[in-house]
Number of protein chains: 2
Amino acid sequence: MAKAFVTSVDVAQRAGVSRSAVSRTFTEGASVSPDVRRKVLQAAQELGYRVNRLAQGLNNSSSNLVGVVGANLSLPFMAKQLDMLSIGLLRRGQQCLLLNAADARSDIAPLIELIFEFRARAIVVLSGEPPMSIVDECLANGVKLIVINRQLARSDTDIILSDDIAGATLAAERLKTAGCQKVAVVTSGSETPTQLRRCEAFSSVMTAAGTEIVVWRDGPTTYETGLKAARELLCDRQIDGAFCVTDIMALGFLDGARNDMGRLVPEDLSVIGFDDIPQASWRSYELTTIAQSFEVLTEAVLAALDHELGQSVITNVPVTLIERNTVRR
Amino acid sequence: MAKAFVTSVDVAQRAGVSRSAVSRTFTEGASVSPDVRRKVLQAAQELGYRVNRLAQGLNNSSSNLVGVVGANLSLPFMAKQLDMLSIGLLRRGQQCLLLNAADARSDIAPLIELIFEFRARAIVVLSGEPPMSIVDECLANGVKLIVINRQLARSDTDIILSDDIAGATLAAERLKTAGCQKVAVVTSGSETPTQLRRCEAFSSVMTAAGTEIVVWRDGPTTYETGLKAARELLCDRQIDGAFCVTDIMALGFLDGARNDMGRLVPEDLSVIGFDDIPQASWRSYELTTIAQSFEVLTEAVLAALDHELGQSVITNVPVTLIERNTVRR
DNA sequence: CTCTCCCTTGAACACGTGTGCAATATTGCA
DNA sequence: TGCAATATTGCACACGTGTTCAAGGGAGAG
């Protein structure tokens, strides 16, 4: 029953010009006389005219929508990423079509297909891994595919990776400096490539240094998982260091260690995280962690939107050690 | 240079049928023989056909996009809300066009106009306040407008409100029960209606009870603001209770009180928040707070999408007191 | 005044889809 | 088999826009 929107025909009629003139008035760089332009703008204003982006998109067979696929958007890391990305897109004059995968394990293929249907120019995958068939289809249809923190085994897609290896190495070095003898690695059971890389790099550095490590892997990537890890791991009183592959788990681990297992951090136990989410700097935690710059990450994504199709640019987001108060000096 | 997407003409040609048959195959409840349907589906599969939603939308002059306007998406409360909303929309077969207002104070009118251009069926305003002219335009063009936690002075828009009055009253009662003599109210300088309502309701209950109150108002709605509030307020050693109108500020306040101002919570000082964000239940805080159910809120928004246009349904999201460990028993 | 050149304008087409309408094929029944 | 009723199909149109093309008009130079 919706009343129809005002169209360019209505505006043209009111302004006493042709529909082409209206279209040209709203098209950058088209040729319109100042007089006509003025009349059109006034008529449009009075009628409340809004360009129909659907028709516009149909015409040049592509919308300027950017599809964003994510999951667990309420986790601080994801939320921050989405926040900055959506702001950046808007500033560039592109719109953000958000598809939330509800479950990190669920197949994101249907969501990407949905984005195809809207003729989006680009797809940003914040979490989950697109199947190869979809990657091919993107390429075939001229859709830019940008994958974050997920290593795809091909050379025609933009990939943006936090420098997990360097970060995990930094963490390992720091715990060695702190003099840790037996170190726990806490990771989730979801086995995302990012977490696997961090875990593996850390382990290999530690092993090479002859430090004893114990890997704990279970549950989803949440605060509660970190808490549980602390409760189970810290029965072993020899453990004097921990690397949690994600800040959110590190915070849970910290709380478990201090409040449930009676450890003093950093005196008895050194804890280090990864990501530098906002909560990591809160006074109750002051978590020493590996930061990856959200600004750099976002900029990399936005820059990737302009890259030529089919070429592969792998951007490494640099990491830095943020020294706070959970590792012994 | 984008290769064109496959169209229904291509599919029709391959399947050896008319284009209408293709359209009907993908239209619920249209009349197609099983034989034709099979051929069409196979051809579509082989060619990788995807309906063009832009054309579809142009045809029935409306997309099934739902515009979502928000700001500060990385704050836990917002993030959680957006997370659940986007999942709910997807489940209903609607898509989420996300416009991030970057700044809570910025004018959201241009964003809403953008949504108009996409011929969205509905607009959900998570934060910020739409100007009246926009509200009128929504009504005129058959766009459902749903405003959250913002009281509009009109009777033709759906409004969803957390029951701030009841919540603030609960908080006040609880602090009275705890025996507080002098109570601080911590709120931000952004003066959102929600915060103003909570602040005012709390104050009036306390004043009526003869309890001394001191209102602190400054800065944005952040953790740091809460921290600052604690540092400034708690120089006054008579203050033995605090109501922070938002959990995120309450957590900052708690940290400031304990770590910087040396207060014991809940022994010396009772603190109560509002929203029940995930972090409130973390072991380091265990914040007593007023919870508004995110589930109920989300359901209310989704339900509002189906309401008839122009009628006003004001939904109050009920609140409950979550008793944890920051108020004396 | 005439010719040329450039700026402006309107008509017509294409984009890809859903659907009303009329024509045709199929089924059910006697 | 014959007839009516029903199911299926194809044609053509509408949705609102950007753009090409040819035509019109005005200005400047000779």
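Being a predicted model, the structure only gives us computed values, none of them experimental.

Caption draft 1: Structural context of the state of the cysteines. A complete count under the given rule lists zero disulfides over all chains for this structure. Free of any disulfide, C180 of chain A has its nearest neighbouring cysteine sulfur in C244 of chain A, separated by 12 Å. Free of any disulfide, C199 of chain B has its nearest cysteine sulfur in C244 of chain B, 11 Å distant. Assessed through its relative accessible area of 6%, C199 of chain B is described here as buried.

Caption draft 2: Seen up close, the domain arrangement of chain A. Residues and elements named next belong to chain A. When cut into domains, chain A gives domain 1 (8-51), domain 2 (65-163 + 294-319) and domain 3 (164-292). Computed over C-alpha atoms, the centres of domain 2 and domain 3 are 28 Å apart. Facing the 15 residues of domain 2 at the interface are 22 residues of domain 3. Summed over both partners, the interface of domain 2 with domain 3 buries about 1400 Å², with 58% contributed by carbon and sulfur atoms. Broken down residue by residue, the surface that domain 2 buries against domain 3 is led by P76, D163 and V319, which jointly contribute 34%. Here domain 2 and domain 3 share zero salt bridges between them. One can count seven residue pairs in polar contact (both at pLDDT 80 or more) joining domain 2 with domain 3. Where the side of domain 2 that touches domain 3 is concerned, the elements lending two or more residues are α5 (76-91), β5 (158-162) and α12 (294-305). Partitioned by chemical class, the residues of the side of domain 2 that touches domain 3 number nine nonpolar, three polar and three charged.

Caption draft 3: Broad picture of the side chain of R53 of chain A. If you trace the backbone, R53 of chain A turns up in helix α4 (residues 53-59). A relative accessible area of 17% places R53 of chain A in the buried class. Here E117 of chain B takes part through its side chain, which lies 2.7 Å from a polar atom of the side chain of R53 of chain A. Those residues within four positions of R53 of chain A in sequence are excluded, and the remaining contacts are N64 and Q95 of chain A together with L114, E117 and F118 of chain B.

Caption draft 4: Inspection of the nonpolar core at higher detail. F202, F243 and F253 of chain A together with F202, F243 and F253 of chain B are the most contacted members of the largest nonpolar core, which has 100 residues in total. Excluding residues within four positions of it along the chain, F253 of chain A makes contact with V186, G226, L227, A229, A230, L233, L234, A242, C244, L269 and V271 of chain A. Ranked by size, the runner-up nonpolar core spans 56 residues in total, among them A109 and V143 of chain A together with V143 and L145 of chain B.

Caption draft 5: Structural view of the protein's contact with DNA strand C. Residue and element names in this part refer to chain B. Looking at DNA strand C, there are 24 residues lining it, with S8, R19, S23, Y49 and N59 nearest. Per the 4 Å cut-off to the protein, sugar and phosphate atoms form 53% of the nearby atoms of DNA strand C. One of the side-chain N or O atoms of S23 is found 2.6 Å from a phosphate oxygen in DNA strand C. Of all the elements, helix α2 (residues 19-25) adds the most residues to the surface near DNA strand C, at four residues. Across the surface near DNA strand C, the residue classes tally to six nonpolar, 13 polar and five charged.

Caption draft 6: Molecular detail of the packing of aromatic side chains. Tallied over the entire structure, the rule returns 13 aromatic pairs over all chains. Note on F26 of chain A and Y49 of chain A: the rings are 5.4 Å apart at their centroids and 50 degrees apart in plane angle, and the pair reads as tilted. Of this pair, F26 of chain A sits in the loop between α2 (19-25) and α3 (34-47) while Y49 of chain A sits in the loop between α3 and α4, and the two are 23 residues apart along the sequence. Ring plane angle 65 degrees and centroid distance 6.1 Å describe the contact between Y285 of chain A and Y285 of chain B, whose orientation is recorded as edge-to-face. Linking Y285 of chain A in the loop between β9 (270-275) and β10 (288-292) with Y285 of chain B in the loop between β9 (270-275) and β10 (288-292), this pair reaches from one chain into another. Classification of Y285 of chain B as buried rests on a relative accessible area of 1%. Members of the aromatic cluster, connected to one another through ring pairs, are Y223, W282 and Y285 of chain A together with Y223, W282 and Y285 of chain B. Over the ring of F274 of chain A we find R198 of chain A, and its NZ or CZ is 3.6 Å from the ring centre.

Parameters and conventions
- Residues numbered from 1 in each chain as written.
- Chains lettered and ligands numbered in written order.
- Predicted model: local features only at pLDDT ≥ 70, side-chain atom pairs only at ≥ 80, totals over all residues.
- Heavy atoms only, no water.
- Disulfide = S-S within 2.5 Å.
- Buried < 20%, exposed > 50% of the residue type's maximum accessible area, 1.4 Å probe, protein only.
- Domains from an automatic or database assignment.
- Contact = heavy atoms within 4.5 Å.
- Buried area = accessible area lost by both parts, 1.4 Å probe.
- Salt bridge = Lys/Arg side-chain N within 4 Å of Asp/Glu carboxyl O.
- Polar contact = N/O pair within 3.5 Å; in protein donor to acceptor, adjacent residues only side chain to side chain.
- Helix = DSSP H or I, 4+ residues; strand = E, 2+ residues; numbered from the N terminus.
- Nonpolar A, V, L, I, M, F, W, Y, C, P; charged D, E, K, R; others polar.
- Core = buried A, V, L, I, M, F, W, Y, C linked by side-chain atoms within 4.5 Å.
- Near = heavy atom within 4 Å.
- Phe/Tyr/Trp six-rings, centres within 6.5 Å; stacked < 30°, edge-to-face > 60°.
- Lys NZ or Arg CZ within 6 Å of the ring centre and 35° of its normal.

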